[in-house]
Amino acid sequence: MSGALLTLEGLAAIVRQTSGLVTGLVDGVAHATRTGLAGYDALRARQLRSRLLDLHAEVARFQMLMNSSVRRSLADYLREWAETARLHSRSDLLDAAARDAALHKAFAANRSRGLPVPSQADFDARLDAAWGRLRKAMAEAGAEAAAILKDMEAERSDAILDASWTALMRGFHQRIGIYEELAALPPPVTKAEIGRLTEVAEAYEALIANLESASARLTALLREAG
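Residues numbered from 1 in each chain as written. Predicted model: local features only at pLDDT ≥ 70, side-chain atom pairs only at ≥ 80, totals over all residues. Heavy atoms only, no water.

**Focus on the overall build of the protein**
Counting its secondary structure elements, the protein contains 7 helices and 0 strands. Written out in order from the N terminus, the α and β elements of the protein read α-α-α-α-α-α-α. The proportion of buried residues among the 226 residues of the protein is 45%. Sequence-distant contacts, at least 24 apart, represent 82% of the contacts inside the protein between residues at least 6 apart. As displayed, the protein offers around 11,200 Å² of accessible surface, 55% of which is attributable to carbon and sulfur atoms. (Helix = DSSP H or I, 4+ residues; strand = E, 2+ residues; numbered from the N terminus. Buried < 20%, exposed > 50% of the residue type's maximum accessible area, 1.4 Å probe, protein only. Contact = heavy atoms within 4.5 Å. Areas by Shrake-Rupley, 256 points an atom, 1.4 Å probe, with all protein chains shown as cover.)

Here is the structure:
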């Protein structure tokens with residue numbers, strides 16, 4: 001398996017792992033809140049509410065980033081790929097002869113209409129630009145996830161940091177470097193690469209749904225906390 005396929009496979013895995021960590025985090029907070037709330041004095045209750053508000057704000061900000069940046073950039077990239085991949089220099093959708101014929105046809109059509117005649121490099125550049133935007137969005141999302149989870153880990157709450165959550169978190173830290181590997185990854189173009197990128201997109205969609213659920217649960221906890 002090529003390095004690009006391994007990186008995209010690893011990216012899908014870490015996005016799924018982030019989803020599990022968010023679920024575990026909110027599960028831990030919910031357990032701590034519902035088991036301890038009744039016995040809290042006024043000061044502890046205020047501290048709990050402040051903690052819930054902070055967590056809710058972080059989850060909401062992460063959800064907004066995923067919706068506005070990652071989801072849009074993924075859709076943009078896949079649209080650009082659908083429009084240009086047949087003529088991309090690394091594409092395997094057409095063999096070399098068929099790609100040359102398609103390029104010649106596209107160039108001739110533009111020339112006959114008095115439109116700018118693109119070069120092979122122009123088709124590559126369109127996909128490169130879309131991939132650059134998507135890489136940036138995914139790297140920002142990864143950094144945001146790491147920051148949120150690091151903040152929660154720093155609390156050293158037994159309710160949150162149970163053994164399974166800690167093991168997941170350790171694995172997350174070990175794999176966070178996958179986002180740095182994206183910086184050197186060329187745009188996914190081949191059928192196999194796009195298959196892996198589709199898995200990444202599905203993992204992000206599941207994470208977005210998970211964040212929406214987590215936000216709703218935290219809203220409910222805030223109501224319970226008064």
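From this point on, the discussion continues.
**Details of the pattern of salt bridges**
One pass over the full model with this rule turns up 10 salt bridges. Linking Asp27 and Arg217 is a salt bridge whose minimum nitrogen-to-oxygen distance equals 2.6 Å. With Asp27 in helix α1 (residues 3-36) and Arg217 in helix α7 (residues 191-225), this pair connects stretches of sequence that are 190 residues apart. Classification of Asp27 by relative accessible area gives partly exposed; the value is 35%. One salt bridge in this structure joins Glu83 and Arg126, with 2.7 Å as the shortest N-O distance. Taken together, the residues Glu83 in helix α2 (residues 42-84) and Arg126 in helix α4 (residues 120-154) connect sequence positions 43 residues apart. The class for Glu83 is exposed, based on a relative accessible area of 51%. Judged by its relative accessible area of 35%, Arg126 falls in the partly exposed class. It is possible to trace a salt-bridge network through shared partners that takes in Glu9, Arg196 and Glu199. (Salt bridge = Lys/Arg side-chain N within 4 Å of Asp/Glu carboxyl O.)

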